[in-house]
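# Commentary on secondary and tertiary structure
Listed below are the residues making up each chain.
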Amino acid sequence: MKMNPVQNLSRMMNWSKLSVVAFAALLIACDDDPEAVNEEELITTVQVDLFFGDSDTPSATLKFYDEDGDGSIAPEFTQEGEIYTGVEYLAVTTFLNEEETPVEDVTAEIEEEQNDHLICFTRTGAVTSAVAFDEDDNEIPVGLVSIWETSNTPGAATVKLTLKHQPGIKTGSCDIGETDIEVTFSFDVIQQPL
Amino acid sequence: MKRLLTIFLLLSFGLAYSQSCLYSLKGRILAENKALPGATIFIKDTNSSRIADEQGNFSFDNLCARTYEIEIRFLGYETITKKVSLPQNEVLEIELLEDKTQLSEVVVTGNSIARSTTQISSALEEEALQQLHGKPLGESLQRIAGVGALQTGPAIFKPVIHGLHSQRILILNNGIRQEGQQWGTEHAPEIDPFVAKQIEVIKGAEAVRYGADAMGGVIIVSPPPIHDTGGFGGAINTSYQSNSKTSTVSIATEGLLAAKNWSWRMQASGKYGGDYHTPDYTLSNTGQREVNFSGGLGYRNSNSELEFYFSSFNARIGILRAAHAGNLTDLNNSIISQKPWYIKDFSFDIENPYQAINHHLFKTSYKKNLSGNNSIKAIYGLQINNRKEFDIRRANRSDRPAISMQLLSQVFDFSFDHLADSHQGSYGLTTTIKINNNDTETTGIQPLIPDYRQVAAGLFALEKIKWRAFTFEAGARADYQYLQALTFINNDELIKPDYHFFYLSANAGLRYTINSQSNLSSNISFSNRPPHISELFSQGLHHGTATIEEGLLLPNGTLEIDESLFKNERSIKWLNSFAKQSKNFSFEASVYANLIDNYIFLQPKETRLTIRGYFPVFAYKQTQALLTGADITFNYTFLKDFTLTGKYSYLYGQDLTAQQPLIYMPPPQFDTELNWLIPTLNQYKAFLKARVLHVTQQVRTPITINPIDLEGSPAPNETFDFMDAPNAYTLLNIETGFTLPINEHDLILTLACENLTNQRYRNYMNRLRYFADDIGRNFIIRLSYNFYSH
């Protein structure tokens, strides 16, 4: 059978492919397959529970959930309960890794390294004040617990929560260190029904 | 592989030799009792030639015990023919007389076979390297016109040749293709420049000889040939620079074994430095450490050469603390403040973030001269590259790397070279096997590039023909590559997509010798490059610029195994040069155009909201690109003792599809140096030189978008930069030095001051320009003592 140069070349290529694949298979056979990564440092969720008065159950919960960190799956924002005008809320921030089973509470890591972490709040609209309440060993704010005050008139509000990692350099300034978390909660502050 | 190596070793040890042609012919060319560099020395019988070096010295090796006729030619001097009997009793001294009658024609022959005649290459020789001791490889290479560097701070320099870098540039380290982690812009070549006697850059596409990685050019790092040893000897080089308080030391020794056919060499170097500083502040955490060593053993007889070589490169390099951007807000703050947010007093400490790199090479090569002027050569190389990048992490994880990769590669090359009067050629086979593994168990972070296995083989043929004043050369190459990635879908299900690439490259060139002083050459090369694993599979966040990068196989942010998503990159580069050389003046001008189809580059795709804030997503895309430019180098000696050197380069990079300038192209650069050999201190070779480097502002840039403006809005569909290109700047450097002969050997002392005026500036090609100024005034002292016995 006569072959044209193209057929010849393609046959040659097939042979070379085959031999290289065989060689590669041999090579790779002795090599272990990689394991899926256990993403230890992932934070999937920022949750702010807003407490009012002496209640043990939050009157409202703001949650930001991003299942894949830097990946392309869009984050979800949810709100449970209403936020009312003219109230001073005690806000408790929790960081979770919900990819782990059971869900990992990353807040503990931050609490343990509170001298290296700072949570800053930037507010607009119907939240008139949002400031850290807790302090670290050096009497510098941490921000895991904060006080949020709402205005007396209803309206839209945003609170930007930024978690800064400032190992060995924490001064209370939010302009230094790396941003580990930056989430903006947008919600409405409404009139409490009588 | 192991068995192959065994056979090869057995073969090479079993070889016998017949004649003893181990003699050298050494000499010195003088004119008016002064050393005359640049003369051509030609042995008629062997058809080989040498050019006298700076001190007028030359030497031929591998000659037999008999009488040779040599001819010495130099433009403007009378040609001399002389008979020399070997072995020599003393070094031959030849005095040339000025030719008052006419300018005769000089024939230069004996181009090295593997090297192209029509490509443009420039080299940093021993003397130039001596004055660059202590600098990283990539920084030293910037002294060559047309070669720039993509920088990440003061210690990480990635070479850029005619606008191309990373996997488009090949580094040949002692004859072996360097297989490191060159895909990252913040990854510098893992090579200790102290091993080099010469560093050469071939600026044309040399894909035919070296494969697809040489599309943008080749950097050849050559240690002195191990067989050149004349007996026990060595060199000690030390340097200290005030900016960063960096000390370096390198010690090299060599000698012959009792059996005279064997020679050996050992070398070690170390570097210890702290924080650099700008004219105004400390660049905190930019210190570095290096410990490198290498050794070689060579055997030679009249018709074969065998060499073993190993080297180990170990570095730890701090990354500017403030250049670690958590997200777009952090990056924006850095750009606005114009000053790093973290500035501490000088320190030698290296904290996170930093890189820890090890690169180990083992090489063995065997060359045998066959009948006629033919030879065969086989090279085997084993390289282990470990790259760890340490980040700032939570909960005591900072002592665990965030990136940890090991690349194991093996290279086996075989070539046949033939040399005749009118033509010469080279044929060969090159093979590479690579295994890359990520240690994710330690990092606990998804890797930027997946584990992969790669097997590649290439066959090439090159021929060169001389006819009258013309030299014509042509070559072709066929390559095959198998690539298998081991990656995960949703970080859960392991998949092993694999690819077969078959690609061709070719080149042709012509050199025309116009007259004894000038020549013209033109070279056109066609090369093909399959995408690198990083260009296909990259996925993750780069903290230096707060950007997420995604490969060609992630068109929508998730992995799609579809071969239609990418094409091979195809380049056609046309390079023309004109060179003129006379006694006092040399000049070379080159003009090039490189048209690249399916050029792979990063383009902004979207602004992504994550729990860490906003990030721009840059996706690898393919386009048609044009890189064209010109380089000019000249050397002019006047008033006997003054030499003016100029190196000027211009590059135009354009995305032809989008009709936009390409990002990160070196701006036009003017490097001028005036060197004065102080005549009254002639015996000490004392010199004084001033160098003015002017770098213009890059005006051909993409649009600028402030990081903060990207938050919450979609990214533009054109390339952009986060900051305007920095202003033009001029740096003044001065240097002085002299050579003190001690016991027939040379002690060289040089003193230099870089950025004498303490100029504040930022370099467009430095990725830390978003965060900080470049370094300020720097005093450097270098002391070298060489006690070589040849």
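What counts, and where the lines are drawn
- Residues numbered from 1 in each chain as written.
- Chains lettered and ligands numbered in written order.
- Predicted model: local features only at pLDDT ≥ 70, side-chain atom pairs only at ≥ 80, totals over all residues.
- Helix = DSSP H or I, 4+ residues; strand = E, 2+ residues; numbered from the N terminus.
- Rg over C-alpha atoms; globule rule 2.2 N^0.38 Å.
- Buried ≥ 20, exposed ≤ 12 C-beta atoms within 10 Å, placed from the backbone.
- Contact = placed C-beta atoms within 7 Å.
- Core = buried A, V, L, I, M, F, W, Y, C linked by C-beta atoms within 7 Å.
- Nonpolar A, V, L, I, M, F, W, Y, C, P; charged D, E, K, R; others polar.
- pLDDT = per-residue confidence, 0-100.
- Pairing = 2+ DSSP bridges.

Another point: the overall build of chain B. Secondary structure summary: chain B contains eight helices and 45 strands in total. Taking 2.2 N^0.38 as the reference for a compact globule, 790 residues should give roughly 28 Å; the C-alpha atoms of chain B span a radius of gyration of 27 Å, in line with that estimate. Counting only C-alpha atoms and orienting by the principal axes, one finds that chain B spans roughly 80 × 60 × 50 Å. Residues counted as buried form 46% of the 790 residues belonging to chain B.

Another point: the overall build of chain A. Along chain A, the regular secondary structure elements total two helices and 11 strands. Order of helices (α) and strands (β) in chain A, N terminus to C terminus: α-β-β-β-β-β-β-α-β-β-β-β-β. Relative to its full complement of 194 residues, chain A shows a buried share of 28%. For chain A, contacts bridging at least 24 residues in sequence account for 58% of all contacts bridging at least 6.

All right, on to the nonpolar core then. The nonpolar side chains of soluble globular proteins are, as a tendency, buried together. In this structure, Leu141, Ile219, Val221 and Leu320 of chain B are the most contacted members of the largest nonpolar core, which totals 108 residues. Looking at which element gives the most residues to this core, the answer is strand E36 (residues 613-638) of chain B, with eight residues. Apart from residues lying up to four places away in sequence, Leu141 of chain B is in contact with Val147, Ala149, Pro159, Ile199, Val201 and Ile219 of chain B. Of all hydrophobic cores here, the second largest spans 33 residues; its members include Leu42, Tyr89, Ile119 and Ala126 of chain A.

Considered for burial, the residues of helix H5 (residues 328-337) of chain B that qualify are Leu328, Thr329, Asp330, Leu331, Asn332 and Ser334 of chain B. Structurally, H5 of chain B contributes buried residues whose contacts are with strand E11 (178-190) of chain A together with E36 and helix H8 (707-710) of chain B. Looking one or two residues beyond H5 of chain B, the residue adopting positive phi is Gln338 of chain B, at roughly 60°.

Below, the discussion takes up the interface of chain A and chain B. Taken together, the 41 residues of chain A in the interface contact 45 residues of chain B. At the level of elements, helix H1 (5-29) and E11 of chain A are the ones that each hand at least two residues to the side of chain A that touches chain B. No other element matches H1 of chain A, which puts nine residues into the side of chain A that touches chain B. Here the residues of the side of chain A that touches chain B sort into 19 nonpolar, eight polar and 14 charged.

This next bit is on the confidence of the model for chain A. Residue-level pLDDT values for chain A average 86, and 84% of them are 70 or greater. Per-element confidence in chain A ranges from a low mean pLDDT of 56 for H1 of chain A to a high of 96 for strand E9 (residues 145-150) of chain A.

Turning our eyes to something else, we now look at the sheet that holds strand E12 (residues 170-173) of chain B. Residues and elements named next belong to chain B. Overall, mixed pairing links the five strands, which are arranged E9-E14-E15-E12-E13 in an open sheet. Either end of the sheet is taken by a strand with one partner, and the two such strands are strand E9 (121-124) and strand E13 (176-177). Where strand E14 (residues 198-202) meets strand E15 (residues 218-222), five bridges bridge the pair, whose relative direction is antiparallel. Bridge pairing in E15 links Glu200 to Ile220.

All names here are of chain B. Relative to strand E39 (residues 669-677), strand E37 (residues 642-655) runs antiparallel, the two sharing eight bridges. Note that in E39 the partner of Lys647 across the bridge is Asp671. Pairing analysis gives nine bridges linking E39 to strand E40 (residues 687-695), with the strands arranged antiparallel. Its bridge partner lying in E40, Thr672 is registered against Val692.

Each strand in a sheet pairs with another by means of backbone hydrogen bonds, the pair being arranged parallel or else antiparallel. All names here are of chain A. Read across the sheet, four strands follow the order E4-E11-E10-E7 without closing on themselves; strand pairing throughout is mixed. Every other strand in the sheet has two partners, leaving strand E4 (83-84) and strand E7 (117-125) as the edge strands with one partner each. Looking at chain direction, E7 and strand E10 (residues 155-165) are connected through nine bridges and run antiparallel. The residue bridging Thr124 from the neighbouring strand is Thr158, located in E10.

Residues and elements named next belong to chain B. Mapped onto the elements, Ala589 comes out in strand E35 (residues 585-610). The exposure class of Ala589 is partly exposed, given the 17 C-beta atoms found within 10 Å. Remark: the alpha-carbon pair of Ala589 and Asn576, spanning 13 residues in sequence, is separated by 8.3 Å.

Here we take up the environment of Val160 of chain B. Residue position: Val160 of chain B is located in strand E11 (residues 157-161). Sequence spacing of Val160 of chain B and Pro666 of chain B is 506 residues, and the spatial spacing of their C-alpha atoms is 8.4 Å.

Our focus in this paragraph is unusual backbone geometry. The omega angle of the peptide bond from Thr101 of chain A to Pro102 of chain A is -5°, so this bond is cis rather than trans. Examined against the element boundaries, Pro102 of chain A turns out to sit in the loop between strand E5 (88-97) and strand E6 (104-105). In the Ramachandran plot, Lys685 of chain B falls in the positive-phi region, its phi being about 50° despite a non-glycine side chain. Here Lys685 of chain B lies in the loop between E39 and E40. For Lys685 of chain B, a count of 19 C-beta atoms within 10 Å translates into the label partly exposed. A positive phi is found at Glu744 of chain B, a non-glycine position, where the angle reads about 70°. Tracing the chain through its elements places Glu744 of chain B in the loop between strand E43 (729-742) and strand E44 (745-754).

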